[in-house]
Amino acid sequence: MALEDITRHIILASRSPRRRELLGGLGLDFEVRVIPGIDESYPDGLPPAEIPRFIARKKADAYRPDMKENELVITADTVVILDNEVLEKPRDRDDAICMLHRLAGRTHEVVTGVVLTVRNRQSVFSVTSEVDFATLTDEEIRYYVDTFQPYDKAGAYGIQEWIGYIGVQAIRGSFYNVMGLPVQRLYQELKKFAEI
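My aim in this report is to walk through the structure given alongside it, one point at a time. (Residues numbered from 1 in each chain as written. Predicted model: local features only at pLDDT ≥ 70, side-chain atom pairs only at ≥ 80, totals over all residues. Heavy atoms only, no water.)

### Quick look at the overall build of the protein chain
Helix and strand content of the protein chain: seven helices and seven strands. What you see for the protein chain is a C-alpha radius of gyration of 17 Å, in line with the 16 Å of a compact globule of 196 residues. Summarising its shape, the C-alpha atoms of the protein chain cover approximately 50 × 35 × 25 Å along the three principal directions. Long-range contacts, defined here as pairs at least 24 residues apart, represent 67% of the contacts in the protein chain between residues at least 6 apart. Of the accessible surface of the protein chain, which amounts to about 9700 Å², a share of 46% is contributed by carbon and sulfur atoms. With 25 positive and 31 negative side-chain charges, the protein chain shows a separation of 4 Å between the mean positions of the two kinds. (Helix = DSSP H or I, 4+ residues; strand = E, 2+ residues; numbered from the N terminus. Rg over C-alpha atoms; globule rule 2.2 N^0.38 Å. Contact = heavy atoms within 4.5 Å. Areas by Shrake-Rupley, 256 points an atom, 1.4 Å probe, with all protein chains shown as cover. Lys, Arg positive; Asp, Glu negative; His and termini not counted. Charge placed at Lys NZ, Arg CZ, Asp CG, Glu CD.)

### Section: unusual backbone geometry
Backbone geometry at Asp83 places phi at a positive 55 degrees, although glycine is not the residue there. One can find Asp83 in the loop between β3 (71-82) and β4 (85-87).

### Section: the side chain of His108
Structurally, His108 can be placed in strand β5 (residues 107-118). Overall, the relative accessible area of 1% leaves His108 in the buried class. There is a polar contact of 2.6 Å between the side chain of His108 and the side chain of Tyr157. With sequence-adjacent residues up to four places away left out, His108 is seen in contact with Val80, Ile81, Leu82, Leu103, Ser129, Glu130, Val131, Phe133 and Tyr157. (Buried < 20%, exposed > 50% of the residue type's maximum accessible area, 1.4 Å probe, protein only. Polar contact = N/O pair within 3.5 Å; in protein donor to acceptor, adjacent residues only side chain to side chain.)

### Some details on the nonpolar core
Grouped together as the largest cluster of nonpolar side chains are 43 residues, with contacts concentrated most on Leu23, Ile74, Tyr157 and Leu186. For Leu186, the residues in contact, after removing those within four places along its chain, are Leu23, Leu26, Ile74, Val114, Leu116, Phe125 and Leu181. Core analysis: the second largest hydrophobic core is formed by six residues, Ile51, Ile55, Val79 and Val86 among them. (Core = buried A, V, L, I, M, F, W, Y, C linked by side-chain atoms within 4.5 Å.)

Structure follows, in structure tokens:
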């Protein structure tokens, strides 16, 4: 399949600059369209690894009523999981510093749920990566938080930023998934839509 075989108008339903960059790396034409205020809550007791798929579906459902016949909407949600607990986006500086202290010297999971939606069907999947963090000093953590202000990032860090350079010892799974969009798997799923 060539990229031009994907004839639908692709919409990335995300304000994340990282997701825009990663999807753009596939060489596809797409439009960014964001509906503000989508409820991203999830039921208590939902297993942490299921949360990103659940939220990505909720996002997709918000777009469905106004979708045109030739449109394909991509929604995604990423969570960081440590000790079976979801570390969401930090509330403030202190919360970000606390999260990074918890992640330092430990292994955590990053799970991204992705939903591809056309008017008559959906494809739902998730990708998990394991990340090993080195031990970090309080000075390193405060420098990162104060310089990069990672308040829009799950787990309070961006792997493509300074903290990733000095702190990430190993990754098992997709690097791009940790950035917020598992583009290799997304490409495979887009090929399936083009073949139908």
